[in-house]
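# Reading the structure
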Protein chains: 2
Amino acid sequence: MQSRDFDLETFLPFVLNQAAETTSHAFAEIYQKRYGMTRGQWRVMANLGRFGAMTATEICRRGQLEKTKVSRAVHALEQKGWLSRKSLESDRRSECLSLTEAGRAVFDDLGLAGLDYDRALRDRLGDAAVDEAIALLRRLCPDNQGDGPASNPCQDAGS
Amino acid sequence: MQSRDFDLETFLPFVLNQAAETTSHAFAEIYQKRYGMTRGQWRVMANLGRFGAMTATEICRRGQLEKTKVSRAVHALEQKGWLSRKSLESDRRSECLSLTEAGRAVFDDLGLAGLDYDRALRDRLGDAAVDEAIALLRRLCPDNQGDGPASNPCQDAGS
DNA sequence: TCTTGATTGTTGCATTTGAAACTATTATCA
DNA sequence: TGATAATAGTTTCAAATGCAACAATCAAGA
């Protein structure tokens, strides 16, 4: 085995980075222009909007995000009035995060845009093939599996 | 169609970002610890090591990188003695970039590490499935197709 | 030729990022 | 109980990032 065998074009980290960059950048224009949101802020909002109230650590786990990025995104979303915190009685270190009514309106709008974008991608690449690829890629993210709100101490789901 | 139909877990930008982050982060530890390289630096080096001498713009096109990131990565690699520039006579705006001997040694080492990493991933996910996913994802990156050194004004390929 | 416009690569500047340090709280165990 | 370790989240600080502006060169057409 020699380094000349190293094929950049089939090296998964490379291909994934390019694909992620391309798709994310295209969709980012929408939420950046409409709401001035950062990629991290959108990711936090999307998790809360889709899965309901949860803790910052839970967002980290689900979204493969770093806690510092989540912390700042939460702060920014709170400033904009789209997110509210509620202290947890079961553990006073954590807080229960959820979208406000205004935040939900923003998510609803962007969710629709996301559906459009997704539809366009699938039309181009083929629905079944996309599904297969996604199923494969999700196996790469170890902590992503436990989807149910199993260990979620936030009861009052905002969705 | 309502925003509640928006499924984060099958939204391609999300899945791709998570997968890219997971795989890149894991592999980044290697070149960061061994050679103190940035992700951008590694990407530039990988393109030069794999495809031989080329221009900065060509690296941008191939790697889906921004020119400012490439510019700074080139500068850093040059400082470390792993990259050399040679002015092009056909166009004095561009420079022909290639790895030095020392740079090639670094690439050889990291290329082997990349092969190991790739092998491990494919063992885990299945070779054929990975190939299919990669073929699909490459169709997402429009400028990535023209692979041959068609319009490459750098003749003296370093590889 | 001269002018206008496009392209290559760099730099300035403000924002974003991530690793490590930190506070506050909870868990473990002698 | 009390001591130690682990965890949630924030902050700090240096590095990385990206957009815009820029200088240098090339291309196209009057």
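You'll find the structure just up there.
A brief structural summary. Everything numeric in this text was worked out from a predicted model, so none of it was measured.

### A few points about the interface of chain A and chain B
- Opposite the 62 residues of chain A that make contact, chain B presents 62 residues.
- Between chain A and chain B, the buried area comes to about 6000 Å², and carbon and sulfur atoms account for 66% of it.
- Across the contact surface, chain A and chain B share 4 salt bridges.
- Measuring nitrogen to oxygen at the nearest pair gives 3.8 Å for the salt bridge that ties Arg138 of chain A to Glu9 of chain B.
- The tally of links between chain A and chain B comes to 10 residue pairs in polar contact (both at pLDDT 80 or more).
- Taken together, the elements giving at least two residues each to the side of chain A that touches chain B come down to helix 1 (12-35), helix 2 (39-51), helix 3 (56-63), helix 5 (101-125) and helix 6 (127-138) of chain A.
- Top element by residues in the side of chain A that touches chain B is helix 5 of chain A. It accounts for 14 residues.

### A closer look at the layout of surface pockets
- Of the volumes computed, that of the largest pocket is approximately 840 Å³.
- Along the walls of the largest pocket sit 27 residues, with Glu21 and Arg39 of chain A together with Asn17, Glu21 and Arg39 of chain B positioned nearest its centre.
- Those elements giving two or more residues to the lining of the largest pocket turn out to be helix 1, helix 2 and helix 3 of chain A together with helix 1 (12-35) and helix 2 (39-51) of chain B.
- Of the residues contributing to the lining of the largest pocket, the split by class is 5 nonpolar, 10 polar and 12 charged.
- Along the walls of the second largest pocket sit 13 residues, with Thr55, Ala56, Thr57, Arg93 and Glu95 of chain A positioned nearest its centre.
- Within the residue set of the lining of the second largest pocket, elements represented by two or more residues are helix 3, helix 4 (67-79) and strand 3 (95-99) of chain A.

Rules and cut-offs
Residues numbered from 1 in each chain as written. Chains lettered and ligands numbered in written order. Predicted model: local features only at pLDDT ≥ 70, side-chain atom pairs only at ≥ 80, totals over all residues. Heavy atoms only, no water. Contact = heavy atoms within 4.5 Å. Buried area = accessible area lost by both parts, 1.4 Å probe. Salt bridge = Lys/Arg side-chain N within 4 Å of Asp/Glu carboxyl O. Polar contact = N/O pair within 3.5 Å; in protein donor to acceptor, adjacent residues only side chain to side chain. Helix = DSSP H or I, 4+ residues; strand = E, 2+ residues; numbered from the N terminus. 1 Å grid on protein atoms, 1.4 Å probe; cavity = no way out; pocket = protein on both sides within 12 Å on 5 of 7 lines; lining within 4 Å. Points joined across faces, edges and corners; volume = space filled by probe spheres on them. Nonpolar A, V, L, I, M, F, W, Y, C, P; charged D, E, K, R; others polar.

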